[in-house]
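Descriptive structure summary
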Amino acid sequence: MFSKKSTGAKKSKPVKNLPSTYKKSKTGKYALTSQNRLLLYSKPTSPALVPAKMFSHFTNTYADYSEHWKSNGGNKQLGIYKTDCGKYARLLRSKTTKKEKDKVIKDSKQAKTKPQVGDTYYISPRTKTQPTFSALTSGWAVEDPVSDLNAKIKKHATNFHVATVVANDGSTIITSEVNAAFQNNTTPWFSMYEGGMGFYKTFRLEYSNLAKDKKSGKWKVTQPPIIQRQSIK
């Protein structure tokens with residue numbers, strides 16, 4: 001278990017439990033709400049986030065999850081990584097371990113892959129010359145020709161996403177991530193997935209290659225995205 005250092009104010013007397021609507025990790029070590037993903041809640045016995053220097057640790061008044069974490073995204077330490085998911089993920093890895101090994105894992109094996117703190121998950125379209133679902137959900141007309149969609153993908157959307165695991169609880173992984181598609185949000189947020197397969201399912205449709213059916217005129221998935229896992233071992 002990693003040591004933790006609180007940087008918050010003195011702990012007040014707990015008055016209530018965390019709302020039941022919060023999403024819990026596998027054995028309940030961590031909790032997260034979609035209403036505010038800038039904070040990750042934990043119990044006093046939960047392992048600290050890694051790398052510890054990239055996060056601030058506070059105490060709160062909840063009886064069950066009396067601690068919470070927040071990224072130090074506002075510090076100069078983050079620098080140019082404020083919206084670049086790949087560079088931010090790399091920064092987290094570099095402060096976690098020096099050992100690296102690239103390994104492409106097939107989608108069918110993701111559920112069997114035991115997640116580790118420091119692992120990085122990468123998802124991208126299999127064919128970068130075809131439009132992806134992310135282009136169709138960015139406020140653009142779906143009737144646009146493929147050539148225009150590709151141009152807009154290159155200018156506005158992201159054609160991959162990367163996230164590094166900063167904590168885990170059984171099969172649950174917790175990541176700290178940013179995304180260049182959200183230029184106004186420069187503070188890293190937390191996400192919770194059920195292993196690598198959970199990460200894959202979350203972004204599967206967004207990064208699937210599409211083609212327009214000539215008869216119906218509707219967009220259809222032609223190829224699912226590819227997912228890679230960079231392991232610390």
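Residues numbered from 1 in each chain as written. Predicted model: local features only at pLDDT ≥ 70, side-chain atom pairs only at ≥ 80, totals over all residues. Heavy atoms only, no water.

Re the pattern of salt bridges
Evaluated as defined, the whole model comprises two salt bridges. Salt-bridge contacts for Asp-119 lead to Arg-229; the nearest nitrogen and oxygen are separated by 2.8 Å. Taken together, the residues span a long stretch of sequence, with Asp-119 in the loop between β6 (101–104) and β7 (120–124) and Arg-229 in strand β13 (residues 226–231) at a distance of 110 residues. Salt-bridge contacts for Asp-213 lead to Lys-220; the nearest nitrogen and oxygen are separated by 3.8 Å. Take Lys-220: its relative accessible area is 47%, and that puts it in the partly exposed class. (Salt bridge = Lys/Arg side-chain N within 4 Å of Asp/Glu carboxyl O. Helix = DSSP H or I, 4+ residues; strand = E, 2+ residues; numbered from the N terminus. Buried < 20%, exposed > 50% of the residue type's maximum accessible area, 1.4 Å probe, protein only.)

So, the pairing of strand β8 (residues 161–169)
Where a strand is regular, its side chains alternate between the two sheet faces. Burial analysis of β8 places eight of its nine residues in the buried class, which makes it a mostly covered element. One ladder, built from four bridges, connects β7 with β8; its direction is antiparallel. Counted as the bridge partner of Thr-120 is Thr-164 from β8. The pairing of β8 with strand β9 (residues 172–177) spans five bridges and is classified as antiparallel. Its bridge partner being in β9, Val-165 is matched across the sheet by Thr-175. Linking β8 to β9, which pair antiparallel, is a turn of two residues; within it Gly-170 sits at a positive phi near 65°. (Pairing = 2+ DSSP bridges.)

Brief notes about the packing of aromatic side chains
Evaluation of the coordinates by the stated rule reveals nine aromatic pairs. On the basis of an interplanar angle of 55° and a centroid distance of 6.3 Å, the ring pair of Tyr-193 and Phe-203 is categorised as tilted. Of this pair, Tyr-193 sits in strand β10 (residues 189–194) while Phe-203 sits in helix α4 (residues 195–203); the two residues are 10 residues apart in sequence, bridging distant segments of the chain. On the accessibility criterion, Tyr-193 (5% relative accessible area) is buried. Taking the relative accessible area as the measure of exposure, Phe-203 reaches 10% and is therefore buried. Centre to centre, the rings of Phe-199 and Phe-203 are 5.1 Å apart; their planes meet at 55°, and the pair counts as tilted. Of this pair, Phe-199 and Phe-203 both sit in helix α4, four residues apart, which is roughly one turn of that helix. With relative accessibility at 0%, the residue Phe-199 sits in the buried group. An aromatic cluster is built from Tyr-121, Tyr-193, Phe-199, Phe-203 and Tyr-207, whose rings are joined through pairwise contacts. (Phe/Tyr/Trp six-rings, centres within 6.5 Å; stacked < 30°, edge-to-face > 60°.)

With respect to the sheet that holds strand β3 (residues 39–42)
Spatially, five strands are ordered β1-β2-β3-β5-β4 in an open sheet, and the strand pairing comes out antiparallel. Edge positions in the sheet fall to β1 (23–24) and β4 (55–59), since each of these pairs with one other strand and no more. Looking at chain direction, β3 and strand β5 (residues 67–71) are connected through four bridges and run antiparallel. By the bridge assignment for β5, Ser-42 is matched with Glu-67.

Observations regarding helix α1 (residues 85–94)
Structural remark: α-helix, 3.6 residues per turn; residues separated by three or four positions point the same way. Listed in full, the buried residues belonging to α1 are Cys-85, Tyr-88, Ala-89, Leu-91, Leu-92 and Arg-93. Lining the buried residues of α1 we find β4, β5, β7, β8, β9 and β13. (Contact = heavy atoms within 4.5 Å.)

What about unusual backbone geometry?
A cis amide bond links Val-50 to the next residue, Pro-51, at an omega of 0°. Mapped onto the elements, Pro-51 comes out in the loop between β3 and β4.

A word on α4
With seven of nine residues buried, α4 lies mostly within the body of the structure. Among all positions of α4, only Gly-195, Gly-196, Met-197, Gly-198, Phe-199, Tyr-200 and Phe-203 are buried. Those residues of α4 that are buried lie in contact with β7, β8, β9, β10 and β13.

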